[in-house]
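# An overview of the molecular structure
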Amino acid sequence: MMSKQIIRTLMVETPSIPGNLGKVATTIGLAGGDIGEIQTVKVGPNYTIRNITVQVDHEEQIEELADALSRLDGGIRLHAVSDEVLHAHEGGKIHMKSKVDLQTLADLRRVYTPGVANVCRIIEKEPDKAKIYTSIGNSVAIVTDGTAILGLGDIGPVAGMPVMEGKAVLFDQLAGINGIPILLNTKDPDEIVRTVKNISPGYSGILLEDIGSPHCFEVEERLKKELDIPVMHDDQHGTAVVTLAATISACKSAGIDLKNAQVGQIGLGAAGLAISRMLMAYGVKDVFGADKSPDAKVRLANYGGHPVDSIEMLMNTCDIVIATTGVPGLIQKQWVRPGQVILALSNPKPEIEPEVALQAGAAYAADGRSVNNVLGFPGIFRGVLNAQSSEITHPMLVAAAETIAACTKPGDLVPHPLDLNVHKMVTEAVERVAVQDNRKVEYTCSL
Ligand SMILES: NC(=O)c1ccc[n+]([C@@H]2O[C@H](COP(=O)([O-])OP(=O)(O)OC[C@H]3O[C@@H](n4cnc5c(N)ncnc54)[C@H](O)[C@@H]3O)[C@@H](O)[C@H]2O)c1
Ligand SMILES: O=C(O)C[C@H](O)C(=O)O
Ligand SMILES: [Mg+2]
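Definitions and cut-offs
Residues numbered from 1 in each chain as written. Chains lettered and ligands numbered in written order. Predicted model: local features only at pLDDT ≥ 70, side-chain atom pairs only at ≥ 80, totals over all residues. Heavy atoms only, no water. Helix = DSSP H or I, 4+ residues; strand = E, 2+ residues; numbered from the N terminus. Rg over C-alpha atoms; globule rule 2.2 N^0.38 Å. Buried < 20%, exposed > 50% of the residue type's maximum accessible area, 1.4 Å probe, protein only. Lys, Arg positive; Asp, Glu negative; His and termini not counted. Charge placed at Lys NZ, Arg CZ, Asp CG, Glu CD. Near = heavy atom within 4 Å. Polar contact = N/O pair within 3.5 Å; in protein donor to acceptor, adjacent residues only side chain to side chain. Areas by Shrake-Rupley, 256 points an atom, 1.4 Å probe, with all protein chains shown as cover. Nonpolar A, V, L, I, M, F, W, Y, C, P; charged D, E, K, R; others polar. Domains from an automatic or database assignment. UniProt positions renumbered as here; feature names shortened; annotations may be inferred. Contact = heavy atoms within 4.5 Å. Donors = N, O, S within 2.8 Å, 3.2 Å for Na, K, Ca; no water. Pairing = 2+ DSSP bridges. Axes fitted to C-alpha atoms, helices over the stretch in contact; angles between N-to-C directions.

Moving on: the overall build of the protein chain. When helices and strands are counted, the protein chain shows 17 helices and 14 strands. Scaling as 2.2 N^0.38, a compact globule of 447 residues should have a C-alpha radius of gyration of about 22 Å, and the protein chain matches this with 25 Å. Each principal axis of the C-alpha atoms in the protein chain carries an extent, and together these give about 80 × 65 × 40 Å. The proportion of buried residues among the 447 residues of the protein chain is 47%. Of the side-chain charges in the protein chain, 40 are positive and 53 negative, and the distance between the mean point of each set is 5 Å.

This is how it looks when you write it as structure tokens:
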């Protein structure tokens, strides 16, 4: 089975006779379509028009499905097929909006010249006041060079913009942060570091996104050292946080002792190496790792993990398997061991569909849509911005992971990504650790 990636909305009219909607649903199901939302558009005296969202594997299935619906009798009519995903992207997903009402000349003088000059002088004298009198304190740059956009590879920064805008939407709606996409027309680590440093005065945090390995490691390390605002590569640490949370939940439900479990990581790039490091730092004794790149395996070994040469062997020996290769269908179903936990996290398509892994005997299985760094980065940044912290530390990430695991309902691996309470709890957990760290620094400085 493949992941159903193509989403279309079908506008269907059904005469008001019981069973008609059922006929439509069965026809869609028989043509291989998964029904998502059903929205009633119009209820007339004799008919109802509904928008039915359908997910399918291939474009051709939409045509088959439309044909099958058109053949239904009894007055059922398919009015339109629309691509809601493309539609939602028309004109982009974000815009910059002013917070002030500009109605009168007095307003103009207050928010712009000449009033603004005095605010500039105040900030010139006390730069910290920029946090009070500008949006800088609530703004995070979402920086990409376009080299590892999801699992689509090096498709360039402009093609990656829809993902960056998506991250900005999540920052805004889940954490009230202004996330500003920054597209870099360079892949050179020196230039990336120089550029990000040069634009950093306008931000209180830097989220590095979809920057490929291995240069992402150097870029993040250097920026963390050279900037005094929090920097986090989402694909490394945001992913590691959520994966640790999912692993804790899975082990709890399956009765596996995580620290003594054999964990296998397939793909040791940005996400995979960070997940391995996070699990080892959490106390997992045995982390095995496979990658087609010998250098990636050396990196794992340098952090104390055990490189292996075959994915099949890793599947054969590990209790928990995590995959972040970007290669759909890489894990064959006959490799799945009964009782295994499988997190196939590549987007947009996983290494094995969760349903296939479960049918093959896995105890728990998930893909990158549910185990997704959306549960991590908004609350992590909200927490450090609230605490005015200059960095994101390992204890903050562990606190975020444990909070996500604690918010997970029994039997699930992670909470719902849009549960605002979860993002609030992550924020508070990170902020608590950050405030303690700030106090330690103040105490040390006063000694
Ligand atoms: N669910 C999430 O929240 C989440 C977060 C980050 C990344 N991801 C996904 O993980 C995937 C990788 O992202 P990344 O940023 O780590 O990319 P990356 O390019 O840094 O890493 C990919 C790694 O996989 C290895 N690889 C590729 N093909 C392989 C194969 N056939 N066998 C073994 N190893 C192979 C590469 O050598 C590389 O080391 C992407 O699909 C991305 O969408 C998901
Ligand atoms: O963007 C996502 O959905 C998660 C992650 O950052 C990825 O690159 O796949
Ligand atoms: Mg990403």
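Resuming the write-up.
Every residue close to ligand 2 is listed here: Leu-150, Lys-167, Glu-209, Asp-210, Asp-234, Asp-235, Asn-347, Asn-372 and Asn-373. Lys-167 places a polar side-chain atom, nitrogen or oxygen, 3.0 Å from an oxygen atom of ligand 2. In this structure, an oxygen atom belonging to ligand 2 sits 2.9 Å away from a side-chain N or O atom of Asp-235. Calculation on ligand 2 without its partners gives an accessible area of 260 Å², and the protein chains cover 81% of this total. Classifying every residue of the shell around ligand 2 by side-chain character gives 1 nonpolar, 3 polar and 5 charged. Viewed by domain, the shell around ligand 2 spans two of them, domain 2 (139-229) and domain 3 (235-447), each represented by three or more residues.

Attention now goes to the UniProt feature "binding site: (S)-malate" (unreviewed entry) in the protein chain. With numbering aligned to this structure, UniProt lists the feature "binding site: (S)-malate" (unreviewed entry) at Asn-347 and Asn-372. These annotated residues cover 26 residues of sequence, and their C-alpha atoms lie no more than 9.2 Å from one another, placing them together at a single site. Structurally, the position occupied by Asn-347 is in the loop between β13 (341-344) and α14 (354-359). The residue Asn-372 is located in the loop between β14 (364-367) and α15 (377-386) in this model. Other than its neighbours up to four places away in sequence, Asn-372 contacts Val-242 and Asn-347.

Looking now at the coordination of the magnesium ion (ligand 3). All of the protein donors around the magnesium ion (ligand 3) are Glu-209 (OE), Asp-210 (OD) and Asp-235 (OD); their distances to the metal are 2.0 to 2.1 Å. Spacing between the donor residues of the magnesium ion (ligand 3) along their common chain follows E-D-x24-D. Placement of the pair is Glu-209 in the loop between β7 (205-208) and α9 (215-226) and Asp-235 in helix α10 (residues 234-254), with a sequence separation of 26 residues. Considered together, Glu-209 and Asp-235 belong to a single accessibility category, that of buried residues.

Here we come to the UniProt feature "active site" (unreviewed entry) in the protein chain. Taken from the UniProt record, the annotation "active site" (unreviewed entry) applies to Tyr-112 and Lys-167. Taken together, the annotated residues stretch across 56 residues and extend over separate regions, lying up to 30.5 Å apart by C-alpha. In this fold, Tyr-112 is placed in the loop between α4 (105-111) and α5 (115-125). We classify Tyr-112 as exposed; its relative accessible area is 52%.

Turning to α15, a few remarks are in order. Across the 10 residues that make up α15, a large majority, 9, are buried. Listed as buried for α15 are Phe-377, Pro-378, Gly-379, Ile-380, Phe-381, Arg-382, Gly-383, Val-384 and Leu-385. Backbone geometry just downstream of α15 places Gln-388 in the positive-phi region, at approximately 50 degrees.

Reading across from one edge, β6-β5-β7-β8 is the order of the 4 strands in this open sheet, with parallel pairing throughout. Sheet topology places β6 (178-183) and β8 (231-233) at the edges, where each strand pairs with a single neighbour. If you compare each strand with its neighbour and ignore which way they point, the axes differ by 20 degrees on average. α9 rests against β7 and β8 of the sheet, and its axis sits at about 165 degrees to β8. Of the strands in this sheet, β5 (139-144), β7 and β8 touch α15, which is tilted by about 160 degrees from β7.

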